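# Working through the structure, step by step
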Amino acid sequence: MAFLDIDCMCLHWALFGGQRCTRCKTPYQRCSSQDSLDEQAMVDYFKEVEIIQRSGDAETQEEVQLKVADEGEQEEAWLMEAGLATLFDESASDGEDSIALLSTLTRTQAAAVERRVETLKQTLRKRNKPYSVPDVREIFKPASQSKVRAHIRPRISAVSSCVNEDMQVWGGADAETDINLEVSFSEQALTYKEGLKVTQPQNEADDRLPDFRVSQDKTGQTRVGDLSAEDMKKVRRLVLIEMSALFDTCGIEVKAHKALKVRVRESGLFGVSLSTLLEQDQRRIPGTKVPLILQHLMSHIEEQGLDTEGVLRIPGAATRVKAVCHELEHKFYEGVFPWQSLKQHDAASLLKLFIRELPYPLLTVEYFSAFISVLKLPTKKQQLQALNLLVLLLPEPNRDTLKALLEFFQRVTDHKDRNKMTLNNVAVVMAPNIFMCKGFRSKISEQQEFAMATGTANIVRLLVRYQNLLWTIPKFVLNQVRKHNMENQRKMHRDRAVKKLLKKMAYDRERASDKQEKNTEAEGGFIRVQAPQFSKVSMAVQLTEDLKASDVLTHFLSQERSPSVKREDLCLYEMGGNIKERCLDEETYITALLELNPSAEWVIKSVQH
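Being a predicted model, the structure only gives us computed values, none of them experimental.

Parameters and conventions
- Residues numbered from 1 in each chain as written.
- Predicted model: local features only at pLDDT ≥ 70, side-chain atom pairs only at ≥ 80, totals over all residues.
- Heavy atoms only, no water.
- Disulfide = S-S within 2.5 Å.
- Helix = DSSP H or I, 4+ residues; strand = E, 2+ residues; numbered from the N terminus.
- Buried < 20%, exposed > 50% of the residue type's maximum accessible area, 1.4 Å probe, protein only.
- Pairing = 2+ DSSP bridges.
- Salt bridge = Lys/Arg side-chain N within 4 Å of Asp/Glu carboxyl O.
- Phe/Tyr/Trp six-rings, centres within 6.5 Å; stacked < 30°, edge-to-face > 60°.
- Lys NZ or Arg CZ within 6 Å of the ring centre and 35° of its normal.
- Polar contact = N/O pair within 3.5 Å; in protein donor to acceptor, adjacent residues only side chain to side chain.
- Contact = heavy atoms within 4.5 Å.
- Expected span 1.5 Å × (residues − 1).
- Bend = angle between axes of the 7 residues up to and from the residue.

All told, the structure shown has one disulfide when counted by the stated rule. The disulfide bridge from Cys571 ends at Cys583, spanning 1.9 Å between sulfur atoms. Because the sign of the S-S torsion sets the handedness, a value of about 120° for the bond joining Cys571 and Cys583 places this disulfide among the right-handed ones. Remark: Cys583 occurs in strand β12 (residues 579–583) and Cys571 occurs in strand β11 (residues 570–576); sequence separation between them is 12 residues. Classification of Cys571 as buried rests on a relative accessible area of 4%.

As a further point, take the pairing of strand β9 (residues 526–530). Along β9, the buried face is formed by Ile527 and Val529; none of Phe526, Arg528 and Gln530, which line the opposite face, is buried. Pairing geometry for β9 and strand β10 (residues 538–542), over five bridges, is antiparallel. Bridging from a neighbouring strand, Ile527 pairs with Val541 of β10. Pairing of β9 with strand β13 (residues 601–606), which is carried by two bridges, proceeds in the parallel orientation. Bridge pairing links Val529 to Trp602 in β13.

Before going further, it helps to examine unusual backbone geometry. With a phi angle near 80°, Leu312 is a residue other than glycine that sits in the positive phi range. Looking at where Leu312 falls in the secondary structure, it is placed in the loop between α11 (292–304) and α12 (318–331). Owing to a relative accessible area of 0%, Leu312 belongs among the buried residues under this scheme. We note that Lys420 has phi near 60°; this positive angle belongs to a residue other than glycine. Within the secondary structure, Lys420 is located in the loop between α17 (416–419) and α18 (423–435). By relative accessible area, Lys420 is classed as partly exposed at 44%.

For the rest of this paragraph, the subject is the pattern of salt bridges. A full pass over the atoms with the stated rule returns 25 salt bridges. Between Asp248 and Arg116 there is a salt bridge whose closest N-O contact spans 2.7 Å. Separated by 132 residues along the polypeptide, Asp248 in helix α9 (residues 229–249) and Arg116 in helix α5 (residues 107–126) bring together distant segments of the chain. For the pair Asp248 and Arg116, a shared accessibility class is recorded, and that class is buried. Among the salt bridges present, the one from Glu574 reaches Arg482, with a minimum N-O distance of 2.8 Å. Of this pair, Glu574 sits in strand β11 while Arg482 is found in helix α21 (residues 475–492), placing the two residues 92 residues apart along the sequence. Accessibility classification places Glu574 together with Arg482 in one group, the buried group. Each of the salt bridges in this network shares a partner with another, and the network as a whole consists of Glu230, Asp231, Lys234 and Lys580.

With that settled, consider the pairing of β13. Where β11 lies against β13, six bridges are found, and the strand directions are antiparallel. Following the sheet pairing, Cys571 is matched in β13 by Lys605.

Turning our attention to the environment of Ala112. Within the secondary structure, Ala112 is located in helix α5. With 132 residues separating them in the primary sequence, Ala112 and Ser244 have C-alpha atoms 6.5 Å apart.

Any aromatic ring pair is given by two values, namely how distant the centres are and how the planes are angled relative to each other. Applying the stated rule across the entire model yields 10 aromatic pairs. Between the aromatic rings of Phe534 and Phe556, the centroid separation amounts to 5.3 Å while the plane-to-plane angle is 65°, which identifies the pairing as edge-to-face. Separated by 22 residues along the polypeptide, Phe534 in the loop between β9 and β10 and Phe556 in helix α23 (residues 549–559) bring together distant segments of the chain. Like Phe556, Phe534 is buried. Members of the aromatic cluster, joined through ring pairs, are Phe332, Tyr333, Phe337 and Trp339. Taking the ring centre of Tyr333 as reference, the NZ or CZ of Arg284 above it sits at 3.8 Å.

Looking now at the side chain of Asn578. By secondary structure assignment, the location of Asn578 is in the loop between β11 and β12. Look at Asn578 and you get buried, because its relative accessible area is 8%. Within the structure, the side chain of Asn578 is placed 2.5 Å from the side chain of Arg482, a separation counted as a polar contact. If we ignore the near neighbours within four places in the chain, the residues touching Asn578 are Val481, Arg482, Asn485, Met486, Gln489, Leu596 and Asn597.

With that settled, consider α18. Taking 1.5 Å as the rise per residue, α18 with 13 residues should run 18 Å; its terminal C-alpha atoms sit 17 Å apart, in good agreement. Of all the bends in α18, the greatest, near 30°, is centred on Val429, and the proline Pro432 appears no more than four residues after it. Burial analysis of α18 places 13 of its 13 residues in the buried class, which makes it a mostly covered element.

That's the geometry; what it means functionally is another story.
Laid out in structure tokens, this is it:
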């Protein structure tokens, strides 16, 4: 086999499996964390790196400057992002909300908060600066005014018991393929670390990765987009704490980067930020969530080239790709670009160029290191859990764009028998385009890049393979949101006037509830479902143990007169009580959900796809 040198980066390392090559001075070592990609696959990786280097992407584009946060700065930023600024700044306006948030934390999550508060306190002490960071023992002391421990300790034994029971069944035949979303991932990791370890299967190549599955939950699964913006804000704060707790529990330190502001293009297609692109696109098509240029490129490849051998791997002609890029910039929004003449390999090269040319990485500067650190976690299950949390932390434009890309990559691999692009092939080709972003690419050494090669390809492999799980909001996080909301509601009772009103409302609800219970006994049990957007504004549905959200929608459609109403455009929402708003999975059992949220109301609304 011929050997290929790429600007002093030698592929012999990949071909010799980490052995010293006679033409190289440095014995590069193969990444051992997830070494399941074969040698030929890694040759393709470095060929892609060479293509990227030769393309000279947008030479005039200013690189984003990455900076590791200073000592103490990272902890301060973390506490602010977690909604806990009041722990170091008494003037912060979210004091009551912070206390409510802290009251929901598990032991590992509380430990993550403690660690960062203590680190920040020590840093400020070293600088001899005045500070208002409270003593950690004061924050978590088991007193009535405690902000965390008084709420957590009664539940720790129950959580531990639940984790232990869950871990015990992991030893069965299906142990490694069951994903438990009801128990905190960091709590599961702690139990694993404390000795209840299971034998890991050998790393399998390509599509033979384990078939992870989520156990059926009668209260329904919750996906990104199912919750209100207010509750999603709480989800993001809790997920940040949980992700940090997971890495802390496994002894993995993740250094957060921050991006220094750079001048970026304020219009156009390539080298423009996602937020700017979406602003442009939404002026043309309201509600656009994924850049139109990216949608068109993916659609063009799907319509014409999914069966093309080597699609994504074989590059288009560099001069032609550059010319087409220039033409797109001038004709795309005018609607006069000649898509019929665009060759498939050129379209694939433009798609990769679009990703590389984003002024800030698709996986964000803030969480870039965390994504790369995922493979340091000891099991594939924990790696998948970490990726789930990281996806939930991404800003909405990044998350929606990543989702569209992963779905496209899956469709490419679905045609692997004809296009010869397996999961491994797609992963090794796309990894350098996603991870070797501007600003980062110039900051790492050749040896670091070699060490990252297998790791980043495996991360892309996991993202594509398990994408259906990654946009799920874990039930334990949603339960914490419910507790957070209930805690906020309880704090409202402090106001006497409000307390009086709430008492009256509670009394009225009790009377209504008693009346409803009597009606239930008399009529066999019913729930009232509202549908204010439709001609059938309200209806009664008989409540049974087997009643699902899908049954409610079926019953509604049988009575709705408008022929324009389609089943796929409808969703039954859980509203009020301990949640603001939640679009229900059609497999949700209403009785089970009523036990979780007795005060919920039921509303049918149309949804945007």
